[in-house]
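# Overview (structure and organization)
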Amino acid sequence: IALPPTIQGHVELNPLIRSGHGALIRYSLAAPPTTASAFGANDRWMFEAATSPHLRSMTIVASELIPWPIIVHASSVDPSVVTVGDVLAAVHDALHTLVTEYEYQLVLLPNILVTG
């Protein structure tokens, strides 16, 4: 469930997950997030905060991928901050959610026909 914003002001995304910066993370969404690698990052890049200031949850809207929001919660590794790894895991899980035939026809099929 998406929560109302708790931060006033601007939230900056970690450059590793910011759009428009090229492929800083090498990752196939077909595989688990643990298979991902990051160009020019340290060994603990998956544990870096996904945002500044730090958030305990965030909502991703990627309507070109799926018609529902992706809710990201901080993992048990550090429950006070959403990490880059938490974001990858949430996106992976959302894209591997099984949908019924009805949901496919109702939501996904019209988008494919319109944009295809």
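Further up the page is the structure itself.
Residues numbered from 1 in each chain as written. Predicted model: local features only at pLDDT ≥ 70, side-chain atom pairs only at ≥ 80, totals over all residues. Heavy atoms only, no water.

## Observations regarding the overall build of the protein
For the protein, the helix and strand inventory stands at 2 helices and 6 strands. Element order for the protein, N to C, with α for helix and β for strand: β-β-β-β-β-β-α-α. Relative to all contacts within the protein whose residues are 6 or more apart in sequence, the contacts with residues 24 or more apart total 58%. Surface exposure of the protein reaches about 8,000 Å², of which carbon and sulfur atoms provide 60%. (Helix = DSSP H or I, 4+ residues; strand = E, 2+ residues; numbered from the N terminus. Contact = heavy atoms within 4.5 Å. Areas by Shrake-Rupley, 256 points an atom, 1.4 Å probe, with all protein chains shown as cover.)

## Considering the environment of R44
With respect to the helices and strands, R44 occurs in the loop between β3 (37-38) and β4 (51-52). Among the residues examined, R44 registers a relative accessible area of 54% and is labelled exposed. Residues R44 and G85, spaced 41 residues apart in sequence, show a C-alpha to C-alpha distance of 9.8 Å. (Buried < 20%, exposed > 50% of the residue type's maximum accessible area, 1.4 Å probe, protein only.)

## Some remarks on the nonpolar core
By size, the foremost hydrophobic cluster in this structure holds 13 residues, and its most contacted members are M58, I60, I70, V72, V82 and V87. Listing elements by their share of this core, those giving two or more residues are β5 (57-60), β6 (70-73) and α1 (84-95). At 4 residues, the largest contribution of residues to this core is made by α1. In terms of nonpolar packing, the next biggest core, distinct from the first, is built from 9 residues, I25, A38, W45 and L88 among them. (Core = buried A, V, L, I, M, F, W, Y, C linked by side-chain atoms within 4.5 Å.)

## Some points on the environment of S52
Note on placement: S52 falls in strand β4. The sequence separation of S52 and V81 amounts to 29 residues, and the corresponding C-alpha distance is 9.8 Å. Once residues lying within four places of it in the same chain are set aside, the contact partners of S52 are H10, V11 and E12.

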